[in-house]
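# Breakdown of the fold
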Amino acid sequence: MMIQSAEFVKSVLGTNEILYSEYPQIAFVGRSNVGKSSVINSLVERKGLVKSGSTPGKTQQINYFLINKNTYFIDLPGYGFMKISLKQKEKIRKMIIWYLFKSSVIFKKVVLIIDAKVGPSAFDIEMLGLLRKRENDFVIVANKSDKLKQKEVKKQLEMIKKKTGEQNIILYSTKTNKGREELLEQLAL
Ligand code: GDP
């Protein structure tokens, strides 16, 4: 997939006609601070297109970006943001689950972003289980791989493969652009 254009369309909080648009949708999910905004920005080569997950008020919305005028990238709220209440966290979790699994939106692909150093969180594992059950197409991106020392890379990758039960893991870094071409290839429509 070559990115020719990328533009913000709208933010939604729940059901909205854009959910059922005919354009293919690629959803990005991940824990807060995992670098989800940075990954989308690195894909489209636009530093400020997606605001950081830690921007106040941006945390709970579902943001739609139109790519190449024919595909949506969907930035789902980051979960586990430290500075919000348990109640809000649960609300976000429910919103993500609703959006991905109950809203009847048809996804082209879900990009699950995890931290290459930390590995998958409990919610990541829960989501992987649901994605598999629903036979949704997904790809796991292990971001911040630049933080790993060369000799740690193989071990971390093995740990992530073991915990997720997936062999197809893209080692990514928004700092070095590692993994960008591979991810774009897997998003090919
Ligand atoms: P979000 O909350 O998931 O949207 O995360 P952000 O994109 O706002 O990134 C959170 C923090 O991680 C920021 O300080 C980023 O600069 C940093 N970050 C994002 N991607 C990478 C990466 O590939 N490597 C490193 N070392 N830091 C990263």
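Residues numbered from 1 in each chain as written. Predicted model: local features only at pLDDT ≥ 70, side-chain atom pairs only at ≥ 80, totals over all residues. Heavy atoms only, no water.

## Some thoughts on helix α3 (residues 122-133)
Because the α-helix completes a turn every 3.6 residues, residues three or four places apart line up on one side. The following threshold applies: Helical segments are the DSSP runs of H or I of at least four residues, strand segments are the runs of E of at least two, and each set is numbered from the N terminus. The span one expects for a helix is its residue count, reduced by one, times 1.5 Å. Classification of residues uses two cut-offs on accessible area relative to the type maximum, computed with a 1.4 Å probe and protein chains only: under 20% is buried, over 50% is exposed, and between them is partly exposed. It is the directions from the helix axis to the C-beta atoms whose arc is reported. Working rule for contacts: check all heavy atoms of both residues, and any pair within 4.5 Å makes them a contact.
With twelve residues, α3 should cover 16 Å at 1.5 Å per step; its first-to-last C-alpha distance of 17 Å lies within 8% of that length. Those residues of α3 that fall on the buried side of the exposure criterion are F123, D124, M127, L128 and L131. Seen along its axis, α3 keeps its buried residues to an arc of 140 degrees; they face one direction. For α3, the exposed residues set more than 90 degrees away from the buried face come down to A122 and K133. Residues of α3 that are buried sit in contact with β2 (25-30), α2 (86-102), β5 (107-115), β6 (138-143) and α4 (150-164). Phi for E135, located one or two positions after α3, is positive at around 55 degrees.

## Remarks on the packing of aromatic side chains
Using the following cut-off: Two rings from Phe, Tyr or Trp (for Trp, the six-membered ring) form a pair when their centres are within 6.5 Å of each other. A pair whose planes differ by under 30 degrees is stacked, one over 60 is edge-to-face, and the rest are tilted.
In this structure the tally under the stated criterion is seven aromatic pairs. Centre to centre, the rings of Y79 and F123 are 4.2 Å apart; their planes meet at 90 degrees, and the pair counts as edge-to-face. With Y79 in the loop between β4 (71-75) and α2 and F123 in helix α3, this residue pair connects regions lying 44 residues apart in the sequence. Like Y79, the residue F123 is buried in the burial classification. Each residue in the set Y23, Y64 and Y72 is aromatic and connected to the rest through ring pairs, giving one cluster.

## Observations concerning the sheet that holds β4
Keep this limit in mind: Each pair of strands is called paired provided DSSP finds at least two bridges between the two strands. To obtain an axis, a line is fitted to C-alpha atoms, over the contacting stretch when the element is a helix, and the angle between two such axes runs from 0 to 180 degrees between their N-to-C directions.
Judged by pairing direction, the sheet is mixed, and its seven strands sit side by side in the order β1-β3-β4-β2-β5-β6-β7 without closing on themselves. Unpaired on one side and paired on the other, β1 (6-12) and β7 (169-171) mark the two borders of the sheet. Recorded for the sheet is a direction-independent mean angle of 25 degrees between the axes of neighbouring strands. Alignment of β2 against β5, held across six bridges, turns out to be parallel. From the neighbouring strand, V29 faces β5, where its bridge partner is L112. Across the sheet, α4 lies against β5, β6 and β7, angled at about 150 degrees from β7, the strand it touches most.

## A few points about the nonpolar core
Put simply, the test is: Only buried residues count toward a nonpolar core. Its members are Ala, Val, Leu, Ile, Met, Phe, Trp, Tyr and Cys residues joined through side-chain atoms within 4.5 Å.
In terms of nonpolar packing, the biggest core is built from 39 residues, with Y64, L76, I96, Y99, L100 and M127 touching the most fellow members. Sort the elements by how many residues they give to this core and α2 lands first, with seven residues. The residues touching Y99, leaving out its near neighbours within four places in the chain, are L19, Q25, I62, Y64, I74, L76, V105 and F107. If you look at the next biggest cluster of nonpolar residues, it comprises 23 residues, including V34, L43, I170 and Y172.

## A short note on the pattern of salt bridges
Threshold: What counts as a salt bridge is simple: a side-chain nitrogen of Lys or Arg found within 4 Å of a carboxyl oxygen of Asp or Glu.
The tally for this structure, following the rule as stated, stands at nine salt bridges. A salt bridge links D115 to R31, with the shortest nitrogen-to-oxygen separation between them at 3.9 Å. Of the two residues, D115 sits in strand β5 while R31 sits in the loop between β2 and α1 (36-44), which places them 84 residues apart along the sequence. In this structure D115 comes out as buried when scored by relative accessible area, which is 7%. On the basis of relative accessibility, which here comes to 25%, the residue R31 falls in the partly exposed class. Across the salt bridge formed by E45 and R180, the nearest N and O atoms sit 3.5 Å from each other. Pair noted here: E45 is in the loop between α1 and β3 (62-67) and R180 is in helix α5 (residues 180-186), with a separation of 135 residues, a long-range link. What makes E45 exposed here is its relative accessible area of 59%. The network of salt bridges with common partners includes E45, R180 and E181.

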